[in-house]
Amino acid sequence: MSTIDLKKNALSNHIAEHIIEQIVTGELKPGEKLIELSYAEEFGISKAPVREAIYLLTMEGLVEKIPRKGAVVKGYTTREIHDLLEIRIMLESLSMKRIAECGVDSVIIKKMESLLVEMQEQKEIGVYTQLNHSFHMCLIEMSQSEVIHNVYSRLKHPLQRIQNLSFSGEGNIKKSVAEHAIIVKLLKQGNVLDASRVLKKHNQDVIKSIQQWLNKGI
């Protein structure tokens with residue numbers, strides 16, 4: 001799985017990001033076919049850049065090629081969803097361990113506070129999902145571990161797609177904002193241990209929320 005590099009091919013990557021947004025927000029559903037001609041007409045271009053964009057998304061793990069059907073939005077099994085969320089918990093827990101060793105970065109804390117203000121004002125689920133990921137990436141950056149950062153970055157789009165379901169639940173955004181505020185407060189106090197506990201409980205609650213969606217057959 002690779003992360004899209006916007007410097008390589010601006011047009012193909014622009015189309016890829018557009019499709020990613022459709023997938024993450026649920027506009028495109030699992031199993032839905034990606035029609036090259038439709039995107040070519042939408043952007044007023046040939047099908048070649050669209051084909052390249054779809055190839056990039058297969059590398060990202062968001063799209064899969066099915067014989068005699070073409071490119072479709074990849075669906076995740078219940079096991080895969082749980083694996084992604086459990087891996088997230090492990091990586092973020094490891095990040096908190098590294099933060100305890102290296103110390104809290106005040107510059108990143110200020111960035112987290114700015115994101116928190118945006119999150120408190122945001123009602124649109126898709127945008128909130130993106131802000132939420134940026135907030136959690138701050139914890140990854142604060143770990144000062146390039147290994148953790150690289151692995152976590154590869155999970156970006158699959159995690160956003162899954163978390164978008166969680167934030168659709170009534171009251172979940174409000175709960176998320178409140179817990180993020182507690183994490184920031186504890187980190188500012190240098191209380192990394194309690195911040196880590198709140199973060200782990202926060203992430204475990206996301207798994208429970210997603211499980212409720214899965215039980216409904218969504």
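Please read these numbers as outputs of a predicted model, since none were measured by experiment.

1. Brief notes about the pattern of salt bridges
Then step 1. Here the structure, examined in full by the defined rule, presents ten salt bridges.
Then step 2. Salt-bridge contacts for K201 lead to D205; the nearest nitrogen and oxygen are separated by 3.0 Å. Here the residue K201 and the residue D205 both occupy positions in helix 10 (residues 192-215), the gap between them amounting to four residues, near one helical turn.
Then step 3. Overlapping salt bridges bring together K175, E179, K201 and D205 as one network.

2. Remarks on the nonpolar core
Then step 1. Grouped together as the largest cluster of nonpolar side chains are 34 residues, with contacts concentrated most on I19, I23, L28, L34, L57, V63 and L85.
Then step 2. Sort the elements by how many residues they give to this core and helix 1 (residues 10-24) lands first, with six residues.
Then step 3. What L85 contacts, discounting residues up to four positions off in sequence, is L159, I162, V206, I207 and I210.
Then step 4. Membership of the second largest hydrophobic core comes to 24 residues, among which are I108, L115, L116 and F167.

3. Concerning unusual backbone geometry
The general pattern is negative phi for most residues beyond glycine and trans for most peptide bonds.
Then step 1. Of note, R68 is a non-glycine position whose phi angle comes to about 65 degrees, a positive value.
Then step 2. If you trace the backbone, R68 turns up in the loop between strand 1 (63-66) and strand 2 (70-73).

4. Details of helix 4 (residues 78-102)
Then step 1. For helix 4, which comprises 25 residues, the first-to-last C-alpha distance of 36 Å matches the rise-based estimate of 36 Å (1.5 Å per residue) to within 8%.
Then step 2. Listed in full, the buried residues belonging to helix 4 are I81, L84, L85, R88, I89, L91, E92, S95, M96 and I99.
Then step 3. G103 sits one or two positions beyond helix 4 and adopts a positive phi of about 105 degrees.

5. As for the packing of helix 9 (residues 172-188) against helix 10
Then step 1. Between helix 9 and helix 10, the least distance of the axes is 8 Å, while the angle of their chain directions is 165 degrees. Relative to helix 10, the element helix 9 lies roughly antiparallel. Note on packing geometry: the crossing formed by helix 9 with helix 10 is left-handed. Contacts from N172, K175, S176, E179, H180, I182, I183, L186 and L187 in helix 9 reach V192, D194, A195, V198, L199, H202, D205 and S209 in helix 10.
Then step 2. In terms of residue class, the contact of helix 9 with helix 10 is made up of eight nonpolar, five polar and four charged.

6. Some words on the side chain of Q22
Then step 1. In this structure, Q22 sits in helix 1.
Then step 2. Exposure remark for Q22: the relative accessible area of 9% places this residue in the buried category.
Then step 3. Once residues within four sequence positions are removed from consideration, Q22 is found in contact with E27, L28 and Y39.

7. Focus on the packing of helix 5 (residues 106-121) against helix 9
Then step 1. Their axes nearest at 10 Å, the elements helix 5 and helix 9 cross at an angle of 160 degrees. The orientation of helix 5 relative to helix 9 falls into the category roughly antiparallel. Relative to helix 9, the crossing made by helix 5 is left-handed. Taking contact as the criterion, the partners of I109, M112, E113, L116, M119 and Q120 in helix 5 are, on helix 9, V177, H180, A181, V184, L187 and K188.
Then step 2. A breakdown of the residues in the contact of helix 5 with helix 9 according to their chemical character gives eight nonpolar, two polar and two charged.

8. Some remarks on the packing of aromatic side chains
Then step 1. One pass over the full model with this rule turns up one aromatic pair.
Then step 2. Between Y128 and F167, the aromatic rings sit 4.9 Å apart at their centres with planes inclined by 85 degrees, giving edge-to-face as the arrangement. Highlighted residues: Y128 in helix 6 (residues 125-142) and F167 in helix 8 (residues 156-167), separated in sequence by 39 residues. Judged on exposure class, the residue Y128 and its partner F167 are both buried.

9. Observations regarding the pairing of strand 2
Then step 1. Sheet topology note: the strand 1/strand 2 ladder contains four bridges and is antiparallel. In the strand pairing of strand 2, E64 is matched with V72.
Then step 2. Counting the residues in the hairpin turn of strand 1 and strand 2 gives three residues, including R68, whose phi is positive at 65 degrees.

10. Brief notes about the environment of I125
Then step 1. You can see I125 is positioned in helix 6.
Then step 2. When its relative accessible area of 26% is taken as the criterion, I125 is described as partly exposed.
Then step 3. Sequence spacing of I125 and K174 is 49 residues, and the spatial spacing of their C-alpha atoms is 11 Å.
Then step 4. When neighbours within four sequence positions are excluded, I125 is seen to be in contact with N164, F167, S168 and I173.

Rules used in this analysis
Residues numbered from 1 in each chain as written. Predicted model: local features only at pLDDT ≥ 70, side-chain atom pairs only at ≥ 80, totals over all residues. Heavy atoms only, no water. Salt bridge = Lys/Arg side-chain N within 4 Å of Asp/Glu carboxyl O. Helix = DSSP H or I, 4+ residues; strand = E, 2+ residues; numbered from the N terminus. Core = buried A, V, L, I, M, F, W, Y, C linked by side-chain atoms within 4.5 Å. Buried < 20%, exposed > 50% of the residue type's maximum accessible area, 1.4 Å probe, protein only. Contact = heavy atoms within 4.5 Å. Expected span 1.5 Å × (residues − 1). Axes fitted to C-alpha atoms, helices over the stretch in contact; angles between N-to-C directions. Parallel < 35°, antiparallel > 145°, perpendicular 65-115°, else oblique. Left-handed = near helix turned anticlockwise from the far one by under 90°. Nonpolar A, V, L, I, M, F, W, Y, C, P; charged D, E, K, R; others polar. Phe/Tyr/Trp six-rings, centres within 6.5 Å; stacked < 30°, edge-to-face > 60°. Pairing = 2+ DSSP bridges.

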